[in-house]
Every structure is written in structure tokens, then in C-alpha cells.
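Take a look at the letters that make up each chain.
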Amino acid sequence: MSIYLYQFLTGLSSGLLYFLTAAGMAIIVSGLNVINFGQGAFCMFGTLLCYSVYEATGSFFLGVAAAVVVAGVLGGYVTEAMLRPIYKRPPLFQLLLTMGVGYLLQDFFLFAWGNRMISASVPEILNFRVNLLGLPFPFYYIFLIIISLIICAVMLFVFKKTKIGMIFRAIITNRDMVDCMGINVKKMNSLMFIVGISLTALAGALNLPITGTQTAAESPVLFTAMAVLIIGGIGEIKGAFIGALIVGMCTSFGAMFFSQYYSLIPSLLMVLVLLIKPEGLCGKKTNAG
Amino acid sequence: MTSKPFRYRKDLIIGIVIIAVFLLLSFFIPGTSFLLARILIMMLFATGVNIMFGYGGMIAFGNAIFLGFGSYSFILLLSKAGIPYAAAILLTLVMTMIFSFLIALLVLRVQALTLGMLFMGLNLLVYNLGNYVPLLGRGVGISYASRPSFALDDRSFLIFTLVIVAVCFVLMYKILHSPFNQIIKGIRENEMRLTFVGINTKQVKRLMIVVSGTFCGISGVLYSMLNSGAYVTYLDTDISIQGLAMCLLGGMFTFWGPSIGAAVITFINVYIGGMTIYHRFILGIILILVIYFFPGGVLGYGNEDEVSARKFIKKLIPSGKEKKDE
């Protein structure tokens, strides 16, 4: 029995990490109407930055903070300097631009960090085990669950209760109208991009002690996040949450039963969901495009 | 579409010139046949992608599926099933058509941006299958000397490829300049209005994916002949993205554009890709430069089609939320 609880908690924590990435992507997709194909690279950027800062200073939390801030700044630069001049162009070009940026970043990582596996041990403070039904369970996973749930709650609060969240929601519903109300939509776009990128970088940084990353390989995160988004319905943060949990659970339990094929699970789930409900589990029919 | 016969003649001349250039290069510069054959195959692939992407207006993020399917099924039919050579080619063609029809059924359940993402997801699924399924060689692939018996060395294989690719190009040209093309263009410009006229647009789109997939499958068969085997890199999403980049670079609203893009990108891949491990960097730079400086591609610059074409992409992915009102 306890092994199932163990897998459940692992699935929950990895699902919540997927949620952070997918939520970042969902914000960007719904706000800017661009699928950010560079998301995987930014996630890897978070991992690598956290690793370097952790190595240099010995403080994991400083590393996480640095990853979030620096990746956010880079994301802001990408929107302001590269994406902004082509807002007038068709969205396909913006999408391909993010893809190009992702490629550039990826090879930059390969150049700067070398072709190797990057991972680190769990920081001392969090490196102990909790007894759950007689089985020692690493506390780090519980820490991940707590952190992700806190961020989720904060995001919900900001989205539903504050003024800036209101503007975000308004942009998602009708961008032109918000522009007419005298709000600088382009600035808001950049802000949304920064938030999305920071969330992703945070997920990457938190992932460092678990799986780490391989600089040469393309980050599998992007595809998992895409699967999560499609499962939940594009541009829906609630959908991203549900989709991420489903994918996390299925991957975790899948790794237990068919360990060989478990990396197929996100894409299989995606195809299944599309067969049943093409607009995603939480998507609205009219918004399927 | 002014004075059709002249257009046909112009494109015929271009085709003949391309064939002549390839033959001359392979005869006067020894050792280039392999590269030239690869370029030809990629030209076929890119034009196949463009049927779906530039003409059909769908975001083709996963055409490597078709390329990989063609090559894998051809090699498997030859090596595991032991079917005679010509029959294997024909059977592969039929199978690719059926396969692309199934993919089309699946992909067309959603639209625009989601279609692209779903297509890429499928591509990843197939890539993972290629990585794990024992029948497909578990990430290594299957090596099998599969060139036709009369074209074993590089130069005669180049000529063989040239013939096949030329036939395919003529077919594609015929398809893309038939009345069918008017429907395609109509869908690209305004899908809803075509449904008013009474055209089943979904069926047309399905047909486009089948056509595109079939030609990509043929290029896959040729590619597996060239490299003597089907390898898992054929299924990589990198190939799909490169196909898109070729279309973009050359001009996705022109017939010859993707070929130019294919030639340039394959050349870069072979020459610069052999020198460094940073091949993605080059692809990224190309993408960014094209987006900023040649949004219509090299050939599409100032093309009459370009203006309407830009409008169409805007329709493809609506920038506002006006879709809700529909």
C-alpha cells in the first residue's frame, strides 16, 4: 500500500512541476497568442543557472532566486527587443521566432556548460526523510508539493483579486478593448512573458536535484508542457493544473508498471484526450482555435 | 495567374535548368553526387511540406512522421517481410497514403495553433516509438542495403533520384495548378466562405494532408535508399522544423521556394554541421534572420501573392479574439 502512496506523492510533485511550466506557457499562449517554443530552453536555463549559483555560493535557494530573476530578465529582453517589433506580423512568425531563440539558447548552453549531465544533490536543509506508512519518503518532494501549491494559490489570488490580474484577464478576453481603455497592452504582454518565463525557470531550478538536465539534449519539458496544455485545453490555467496532475500521476504510475515505455505516456494521453474531447478537458468549444 | 501557358513554360524551363545543373555538378565535380542526391530528396520533402504549409495553410510541425514512416516501412518490408523490390515500393506508397489519412483524421479534429501542437506531439510519440520498439531497431534503426540493383554507386543513384523527384515534381505541379488549387487557395483565404459555397473544406484539407504525406513518404523511401537504412533521426522533430525552415527561407507561397531553402539548409547541414556540434545554432539564426528580413522568403519577396498570403496567416491564427463571435 505504501508503495502506492509513495508513487502518488512522486507523481503529485512531478505533476506540480509540470504545472509550473505549463502555467507559464498557458499565460504566454493566452496573453500573447504565441506558443512559446523556447519554453524548454528557458526551463533548462533555470536549471543551469541554479546549478552554477549553487556550486559557486553553496546556497540552493540563492540559486533558485537567481534562476527566476535572470531568466525573467532574459525573457523580458526577448519580448521587448525581439518580439515587440513583429507584433504586427502574423502570429506564426512570432512563434517561429521563439523557436529560433530556443535553438540559439540551447546551443549557447552546450557552449557555456559543456556537453554533460548537470545535476546536484538535494540541499542539506531539505535532505532528510519523513516516515510515511513505514516507508521513508524524501522530504524534498513534499517541499516541492508545498512550494508549487503556494505558487498556485498566489497566482490564483493575483489573477482573481488584484487589479493587474484583472487587466490580464481582460487582455485574454479582448485585447483591443483593453488597448482602447488606455492601458499599455504591449507592456502588459512583456510582463506576462516575464511571469511565464520565470515560472518555467523556477520549475527548472527546482528540478535540479531530481533529474537535472542534459545540455546536449533538447529539453523534454517543452513537449510535456505542450501535452499538458492540449490535455487541459489551451490557454486555460485551470486546465493546465488538471492536465499537469493527470500527466504527472500517469507518468509516475506508468514508470512503475511499464518502465520501458513511460516516456510515451504524455503524448499517448494527449492523443487519447483529443479523440474524446478535441478542445481539451477544460477548454471551451468556441475557443478551440 | 496571368497568361497560364507562359507560366507553365517558365516553370518547365526552370525545372530543366535545375536538372541540368545537378547533372553537370555531379559530372564535373567528383564526389558531390551523394550531397546532390540528398539535396534532391530534401527538395522533394520540403515541397511536400509546403503543400500542407504554404498552400494548405496548416502548421505542419510534424512531417517527419511521414518521412520516417515511408523509410521505415520500406526497409521493414524489404528486410523483414522479404517482399520483392518493386512491390515493396508500391506497398509503401499505399501504406503511406493510408497512414497519412489516419493522421489527417486525428489532426483535423482541432484547428490552427492546436493543430500544430498536436502534430508535433504525434511526431514526438512516433519518435519515442522508434526509440523503444524492438522491431524499429530501438533507437539505432535498421541498416539494410536498399538501393535498386541498377543504381548502386552514388552517381547512378543520383540519376535515379533525379528521375523520381522530377516525376514527383511534375505531379505536384499539376496538383497545385489544377482547379483543385483554387479550392485550396480559397480555404487558405477564407474557409468559412467556401463552406457557404458548399465545399466540404475538411475533406479538402484531409486530401491535402494525404497528398503532402505521400510525397514526404516518397522522399523517405529515397532517403532510406540513399543512406542504406532507416534510422531514428528521420523521425526527429528537428527534421520537421527543418522542413518548415526550408519553406520559410525559400518562400512558402511559391512553388520553387522550398527547393531553394532545401538546397541551402541541406548544404549548411552537411558542411557546417560536420564541422561543429552547434547545428541548432545555425538553424536558429536562419529562422530569426528570415523572420526579420525575408518574411515572404527569398523568392516570395515582393510577390503578388505575398500580400494576400500575409492576410491568410493572420486568419490562420487570429490575433484578437474575434473568433468568439463567429
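All figures in this text were calculated on a predicted structure; none of them were measured in a lab. (Residues numbered from 1 in each chain as written. Chains lettered and ligands numbered in written order. Predicted model: local features only at pLDDT ≥ 70, side-chain atom pairs only at ≥ 80, totals over all residues. Heavy atoms only, no water.)

## Let's talk about the overall build of chain B
Here's step 1: Assigned secondary structure in chain B consists of 13 helices and two strands.
Here's step 2: Burial statistics for chain B: of 326 residues in total, 56% are counted as buried.
Here's step 3: Counting only contacts in chain B whose residues sit at least 6 apart along the sequence, the fraction spanning at least 24 positions is 77%.
Here's step 4: As presented, chain B carries roughly 13,600 Å² of accessible surface, and 71% of it is formed by carbon and sulfur atoms. (Helix = DSSP H or I, 4+ residues; strand = E, 2+ residues; numbered from the N terminus. Buried < 20%, exposed > 50% of the residue type's maximum accessible area, 1.4 Å probe, protein only. Contact = heavy atoms within 4.5 Å. Areas by Shrake-Rupley, 256 points an atom, 1.4 Å probe, with all protein chains shown as cover.)

## Re helix H11 (residues 257-275) of chain B
Residues and elements named next belong to chain B.
Here's step 1: The end-to-end C-alpha distance of H11 is 27 Å, a good match for the 27 Å that 19 residues give at a rise of 1.5 Å each.
Here's step 2: Bending of H11 peaks at approximately 25 degrees at the position of Asn269.
Here's step 3: The complete set of buried residues in H11 reads Gly257, Pro258, Ser259, Gly261, Ala262, Ile265, Thr266 and Ile268.
Here's step 4: Elements in contact with the buried residues of H11: helix H2 (33-55), helix H6 (154-176), helix H10 (237-250) and helix H12 (279-293). (Expected span 1.5 Å × (residues − 1). Bend = angle between axes of the 7 residues up to and from the residue.)

## Considerations on the packing of H10 of chain B against H12 of chain B
All names here are of chain B.
Here's step 1: At a closest axis distance of 10 Å, the pairing of H10 and H12 adopts a crossing angle of 35 degrees. Between H10 and H12 lies a crossing of left-handed hand. Between H10 and H12, the contacting residues are Asp238, Ile241, Gln242, Ala245, Leu248 and Leu249 on the first element and His279, Arg280, Leu283, Ile286, Leu287 and Val290 on the second.
Here's step 2: Class assignment for the residues of the contact of H10 with H12 results in eight nonpolar, two polar and two charged. (Axes fitted to C-alpha atoms, helices over the stretch in contact; angles between N-to-C directions. Left-handed = near helix turned anticlockwise from the far one by under 90°. Nonpolar A, V, L, I, M, F, W, Y, C, P; charged D, E, K, R; others polar.)

## A short note on the confidence of the model for chain B
Here's step 1: Taken as a whole, chain B shows an average pLDDT of 80; of its residues, 88% reach a score of 70 or greater.
Here's step 2: A low-confidence stretch, residues 320-326 of chain B stays under pLDDT 50, and its non-local contacts, those more than four residues away or across chains, total 11 contacts. (pLDDT = per-residue confidence, 0-100.)

## So, the pairing of strand S2 (residues 129-132) of chain A
All names here are of chain A.
Here's step 1: By the bridge criterion, four bridges tie S2 to strand S3 (residues 135-138) in an arrangement that is antiparallel. Within the sheet, the bridge partner assigned to Asn131 lies in S3 and is Pro136.
Here's step 2: Between S2 and S3, which pair antiparallel in sequence order, lie two residues; one of them, Leu133, sits at a positive phi of approximately 55 degrees. (Pairing = 2+ DSSP bridges.)

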